[in-house]
Amino acid sequence: AKLETHGSKELLRACENKRFKDDIGLRAHMLRALGKTKDVKQIDFLIEVTSRSPHDELRAASGQGLSNYKHAKDKTQRKIVKEIIKAWGSLESKANQAVSNDPNGPQDFGPQNARRTLRVAQGKWVATLQTLTGVSQSNFMAWQRWQNKNKGWKPPK
């Protein structure tokens with residue numbers, strides 16, 4: 001991570017390497033380190049992992065890595081905040097879906113999985129959002145309301 005843009009290319013390559021596919025802890029560490037490089041070219045990859053990874057720890061780590069982009073342009077910071085809130089909203093809606101109690105019917109584990117992902121990632125995402133925006137909120141509804149009211153917000157200096 002201390003090599004900045006030179007190190008980010010190698011970290012990205014290692015994150016996507018098939019040898020480390022099963023070592024979630026190592027990949028999470030590399031995602032946090034990728035954020036510490038502060039290479040703006042890696043933002044899209046980190047957002048992608050934050051939004052779509054099937055592994056909760058990777059979603060949390062990449063969201064945490066995004067907190068290092070306080071120096072990025074205002075538009076880029078707004079994009080990061082928007083995508084984290086969007087991913088959080090998707091999980092929040094899945095987590096609050098009604099579950100069928102029919103013992104003979106099909107079991108839907110989507111809400112349970114979404115709640116587990118939120119337990120792992122929510123704290124790190126809130127910290128990233130607070131770092132980038134300078135606003136202190138703790139739940140999804142408050143963040144969504146804040147984002148809707150403040151479309152052109154300015155990051156703190």
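Scoring rules and cut-offs
- Residues numbered from 1 in each chain as written.
- Predicted model: local features only at pLDDT ≥ 70, side-chain atom pairs only at ≥ 80, totals over all residues.
- Heavy atoms only, no water.
- Core = buried A, V, L, I, M, F, W, Y, C linked by side-chain atoms within 4.5 Å.
- Buried < 20%, exposed > 50% of the residue type's maximum accessible area, 1.4 Å probe, protein only.
- Helix = DSSP H or I, 4+ residues; strand = E, 2+ residues; numbered from the N terminus.
- Contact = heavy atoms within 4.5 Å.
- Phe/Tyr/Trp six-rings, centres within 6.5 Å; stacked < 30°, edge-to-face > 60°.
- Salt bridge = Lys/Arg side-chain N within 4 Å of Asp/Glu carboxyl O.
- Axes fitted to C-alpha atoms, helices over the stretch in contact; angles between N-to-C directions.
- Parallel < 35°, antiparallel > 145°, perpendicular 65-115°, else oblique.
- Nonpolar A, V, L, I, M, F, W, Y, C, P; charged D, E, K, R; others polar.
- Bend = angle between axes of the 7 residues up to and from the residue.

Colleague: Sorry if this is basic, but what is going on with the nonpolar core here?
Modeller: Ranked by size, the top nonpolar core spans 41 residues in total, and within it Leu31, Leu66, Ile80, Trp88 and Trp143 carry the most contacts. Listing elements by their share of this core, those giving two or more residues are helix 1 (5–15), helix 2 (24–36), helix 3 (43–52), helix 4 (56–65), helix 5 (74–95), helix 6 (110–133) and helix 7 (140–149). No other element matches helix 5, which puts 8 residues into this core. Apart from residues lying up to four places away in sequence, tryptophan 88 is in contact with Leu118, Gln122, Trp125, Val126, Leu129, Ser138, Asn139, Phe140 and Trp143.

Colleague: What should I look at first to understand the environment of threonine 5 in this one?
Modeller: Tracing the chain through its elements places threonine 5 in helix 1. With 32 residues separating them in the primary sequence, threonine 5 and threonine 37 have C-alpha atoms 6.2 Å apart. Here threonine 5 is in contact with Thr37 and Asp39, once residues within four sequence places are set aside.

Colleague: Would you mind showing me how to read the packing of aromatic side chains here?
Modeller: Aromatic ring pairs are defined here through the distance separating the ring centres and the angle between the ring planes. This model, assessed by the stated rule, comprises 3 aromatic pairs. Judged by centre distance (5.8 Å) and plane angle (80°), the rings of tryptophan 143 and tryptophan 146 are edge-to-face. Taken together, the residues tryptophan 143 and tryptophan 146, both in helix 7 and 3 residues apart, mark about one turn of the helix. Given the relative accessible area of 0%, tryptophan 143 is considered buried. Residues tryptophan 146 and tryptophan 153 carry aromatic rings whose centres are separated by 5.5 Å and whose planes lie at 50° to one another, so their mutual orientation is tilted.

Colleague: In this structure, what is going on with the pattern of salt bridges? I would like to understand it.
Modeller: Once their charged atoms are close, side chains differing in charge can pair, the charge on each being opposite to the other. Considering all chains together, one arrives at 5 salt bridges under this definition. Here arginine 116 and aspartate 56 are joined by a salt bridge, their closest N and O atoms 2.9 Å apart. One end of the pair, arginine 116, is in helix 6; the other, aspartate 56, is in helix 4, with 60 residues separating them in the sequence. Residue aspartate 56 is classed as buried on the basis of its relative accessible area of 8%. In this structure, glutamate 83 and lysine 86 form a salt bridge, with 3.3 Å as the shortest nitrogen-oxygen distance. Of this pair, glutamate 83 and lysine 86 both sit in helix 5, 3 residues apart, which is roughly one turn of the helix. For lysine 86, a relative accessible area of 47% corresponds to the partly exposed category.

Colleague: Even after reading the chapter, I still don't get the packing of helix 4 against helix 6, so can you show me in this structure?
Modeller: Any two packed helices are characterised by the angle at which their axes cross and by the distance between the axes. Two elements in contact, helix 4 and helix 6, have axes whose closest approach is 8 Å; the angle formed by their N-to-C orientations is 5°. By the criterion of interaxial angle, the relationship of helix 4 to helix 6 is roughly parallel. When helix 4 is examined against helix 6, the residues Asp56, Glu57, Arg59, Ala60, Gly63 and Gln64 are found in contact with a partner set consisting of Arg116, Thr117, Val120, Ala121, Lys124, Trp125 and Thr128. Class assignment for the residues of the contact of helix 4 with helix 6 results in 4 nonpolar, 4 polar and 5 charged.

Colleague: What am I meant to see in helix 6 here?
Modeller: At alanine 121, helix 6 shows its strongest bend, of approximately 45°. Considered for burial, the residues of helix 6 that qualify are Pro111, Ala114, Thr117, Leu118, Ala121, Trp125, Val126, Thr128, Leu129, Leu132 and Thr133. The secondary structure elements touched by the buried residues of helix 6 are helix 3, helix 4, helix 5 and helix 7. Trailing helix 6 by a residue or two, glycine 134 shows a phi angle of about 80°, which is positive.

Colleague: Could you clarify how one ought to interpret the environment of leucine 11 in this entry?
Modeller: Mapped onto the elements of the fold, leucine 11 is located in helix 1. The class for leucine 11 is buried, based on a relative accessible area of 15%. In this structure the C-alpha to C-alpha distance between leucine 11 and alanine 33, which are 22 residues apart in sequence, comes to 7.7 Å.

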